[in-house]
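Chains, contacts and geometry: an overview
Here are the chains, one letter per residue:
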Amino acid sequence: MPSSPTAERHTTAASAKEPAVDWTRLVVVLTALTVLTRLPSFARTPWNPDEGYLATQARQLADGGVLYDTVVDRKPPFVPLLYRGAFAVFGDDSLWPLRVAAIVAVLVGAVLAASIAARRWGERAAWTAGVCYVFLTIGLKPEDTQAATFEVFMLPWTVAAIWYAERARWLGAGLAVAGAVLSKQTGGAVLLPVLALLWQSRAGWAAFVRVSAAAALPVVSAAFAFDPGRFLYWIATGSGSYLSADGAGIKPLLRALAGVGLLTLAALPLVVALVRVVRSRAAAPPGTRAPLCGTADLWVWLAASLGAATVGFQFFGHYFLQLVPPLALLGAAALHELTARAATVALAATALVACGYVGWGFTDSRAEVDHARRLADTVRSYTDRKDRVLLWGMHPEGYWLSQRSPASRYLTAGFLTNFSGGRGEARVGERYAMEGAWPHFERELRRRPPELIVDDSRGKRYGVQQIPTLRRHLARHYEKVATIDGSSFYLRNSPKIRSSRAGHAPPAR
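Residues numbered from 1 in each chain as written. Predicted model: local features only at pLDDT ≥ 70, side-chain atom pairs only at ≥ 80, totals over all residues. Heavy atoms only, no water.

**Description of the overall build of the protein**
In terms of regular secondary structure, the protein is built from 24 helices and 5 strands. Whereas a compact globule of 509 residues would reach a radius of gyration of roughly 23 Å, the protein reaches 25 Å, a difference of no more than 12%. Along the longest, intermediate and shortest principal axes, the C-alpha atoms of the protein span 85 × 45 × 45 Å. Sorting the 509 residues of the protein into buried and exposed places 55% on the buried side. Considering only intrachain contacts with a sequence separation of at least 6, the fraction spanning at least 24 residues in the protein is 76%. Entry remark: accessible area of the protein is about 20800 Å², with carbon and sulfur atoms responsible for 63%. (Helix = DSSP H or I, 4+ residues; strand = E, 2+ residues; numbered from the N terminus. Rg over C-alpha atoms; globule rule 2.2 N^0.38 Å. Buried < 20%, exposed > 50% of the residue type's maximum accessible area, 1.4 Å probe, protein only. Contact = heavy atoms within 4.5 Å. Areas by Shrake-Rupley, 256 points an atom, 1.4 Å probe, with all protein chains shown as cover.)

**So, the packing of aromatic side chains**
Under the criterion given, the structure shown has 20 aromatic pairs. Arranged with centres 5.6 Å apart and planes meeting at 80 degrees, the rings of Tyr-68 and Phe-231 form a pair that is edge-to-face. In this pair, Tyr-68 is assigned in the loop between helix 3 (49-62) and helix 4 (78-90) and Phe-231 in helix 12 (residues 228-235), connecting sequence segments 163 residues apart. Judged by its relative accessible area of 1%, Tyr-68 is buried. Since its relative accessible area comes to 4%, Phe-231 is described here as buried. For the pair Trp-392 and Phe-441, a centre-to-centre distance of 6.1 Å together with 35 degrees between the ring planes defines the contact as tilted. In this pair, Trp-392 is assigned in strand 1 (residues 388-392) and Phe-441 in helix 22 (residues 437-447), connecting sequence segments 49 residues apart. Accessibility classification places Trp-392 together with Phe-441 in one group, the buried group. An aromatic cluster of at least three residues, connected via ring pairs, comprises Tyr-53, Tyr-233, Trp-234, Trp-392, Tyr-410, Phe-415, Trp-438 and Phe-441. Here Lys-75 stacks its cationic end above the ring of Phe-150, 5.1 Å away from the centre of that ring. (Phe/Tyr/Trp six-rings, centres within 6.5 Å; stacked < 30°, edge-to-face > 60°. Lys NZ or Arg CZ within 6 Å of the ring centre and 35° of its normal.)

**Considerations on the side chain of Thr-417**
Position of Thr-417 among the secondary structure elements: in helix 21 (residues 414-417). When neighbours within four sequence positions are excluded, Thr-417 is seen to be in contact with Trp-392, Arg-427, Val-428, Gly-429, Tyr-432, Ala-433, Tyr-462 and Ile-467.

**Points about the packing of helix 6 (residues 123-136) against helix 18 (residues 340-363)**
The description of two helices packed together rests on the angle between their axes and the distance between the axes. Helix 18 packs onto helix 6 with a crossing angle of 15 degrees between their chain directions and a minimal axis gap of 10 Å. The pairing of helix 6 with helix 18 is recorded here as roughly parallel in orientation. The handedness of the crossing between helix 6 and helix 18 comes out as left-handed. Contacts from Arg-124, Thr-128, Val-131, Cys-132 and Phe-135 in helix 6 reach Ala-340, Ala-343, Leu-347, Thr-350, Ala-351 and Ala-354 in helix 18. Considered class by class, the residues forming the contact of helix 6 with helix 18 number 8 nonpolar, 2 polar and 1 charged. (Axes fitted to C-alpha atoms, helices over the stretch in contact; angles between N-to-C directions. Parallel < 35°, antiparallel > 145°, perpendicular 65-115°, else oblique. Left-handed = near helix turned anticlockwise from the far one by under 90°. Nonpolar A, V, L, I, M, F, W, Y, C, P; charged D, E, K, R; others polar.)

**Some details on the sheet that holds strand 5 (residues 487-492)**
The sheet built from 5 strands is open, its strands ordered 2-1-3-5-4 with mixed pairing. One side of each edge strand has no neighbouring strand; the edge strands of this open sheet are strand 2 (405-406) and strand 4 (478-484). Pairing of strand 1 with strand 3 (residues 452-455), which is carried by 4 bridges, proceeds in the parallel orientation. From the neighbouring strand, Leu-391 faces strand 3, where its bridge partner is Val-454. Each of strand 1, strand 3, strand 4 and strand 5 touches helix 23 (residues 468-477); the most contacted strand, strand 4, lies at about 105 degrees to it. (Pairing = 2+ DSSP bridges.)

**Describing the state of the cysteines**
In a disulfide, the sulfur atoms of two cysteines are covalently bonded to one another. With the rule as written, the count across this model stands at 0 disulfides. Of all cysteine sulfurs, the one in Cys-355 lies closest to Cys-132, which takes part in no disulfide; the gap is 13 Å. Under the relative-accessibility criterion, Cys-132 is labelled buried at 0%. Under the relative-accessibility criterion, Cys-355 is labelled exposed at 53%. (Disulfide = S-S within 2.5 Å.)

On their own, these measurements won't tell you what the molecule is for.
Quick look at the structure:
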């Protein structure tokens, strides 16, 4: 493979011995910062529907459910199984073990980023990269950063992939890529900078085969463990309508701008420093220009991560967390070029902005959480612990909060109507459902009818009255008994006497 002066400089830097760093002190500081920046996560449960979804899945698995069969989602298995394991050890009534696991995940990513920076630019850069990594992981809306969900557990795998690759440990790099993919599909974007490092180091085809095999084998093994057809359907081929942007209008663009804007604000001192350094290099006389040493793969990583965040055109805020590792490392490289005083000022400014995001986390609106808790209280008042319920909406945390089992494997109406909060109400209806979903859903309703159905659409286009099949089913078998916060509750018609329970239920209004 061809080489270049840039590649040779990078290879020299990557193969050099990592400078002495007081790792004990650095890890202690990063641990303290990670705990402090994630304290808001303990003040609210759940933070977003993904947490409620994962918690409900974990209970389904504990009750004998089978992933990608009776327990389904469009995500790989690592995080659902992590929730299941945490619930098995600590109980399933609280998410605090997952909050702690999220702290560990952020800390691991920060330490690995610091190690990468130390190897390339020295001790000061190690501190900068680690600290900036921690600060940037909260640089979006609190519901996107404080939740213990997919991206939080994906990030350390992506950093580990680069950490192994720059040390020419290609087997480890490939396994880390696989870990990222099994946390969330878009984690596979880190393969591009890994291959960039492989090309720059002129490692050859043997290294390429090791990376590819190590990245593919765990994913293929997972597919066979959960049935290849079902696995492929749920994490890839079954989401065609969901990933389409047809008819979405301007809403996805606005969401994308909001996500990029918030993360840019969190990293603004680093971005300013990076722009300043790049412009000064570009203005240098011909023959003296040189790019930032050891950053070519980081630019590839940043571009690949940005591309991954666009998949599906949903642009949920947490998608942009994938940009944090390369952005933190590029910021460290830029501050390395500045004087110690200028770098300190930039880092202090980043810390100040991070304080604002932490404060936002403590003061963020609890309206949706409060609604979910009132809904759960009402569900409990109409049902027994053994009863199954159907929550027709996009907030599956109601199952977990009410401690009631779902009547269907489809935990949100999105699978059956193609509704998505990221895209809005474009292409919504029964005909846009996942292939084969409605026949399966109708069989579930006939086989084990839910005692209670809750229309939690609250005026959205996927509401029960706009879904003919479900509307007819309700008319035949259910009666409306209450309306709470705009959510309608339908109790199954049955000779079974419920007077003792209904007497405590909220009246319809």
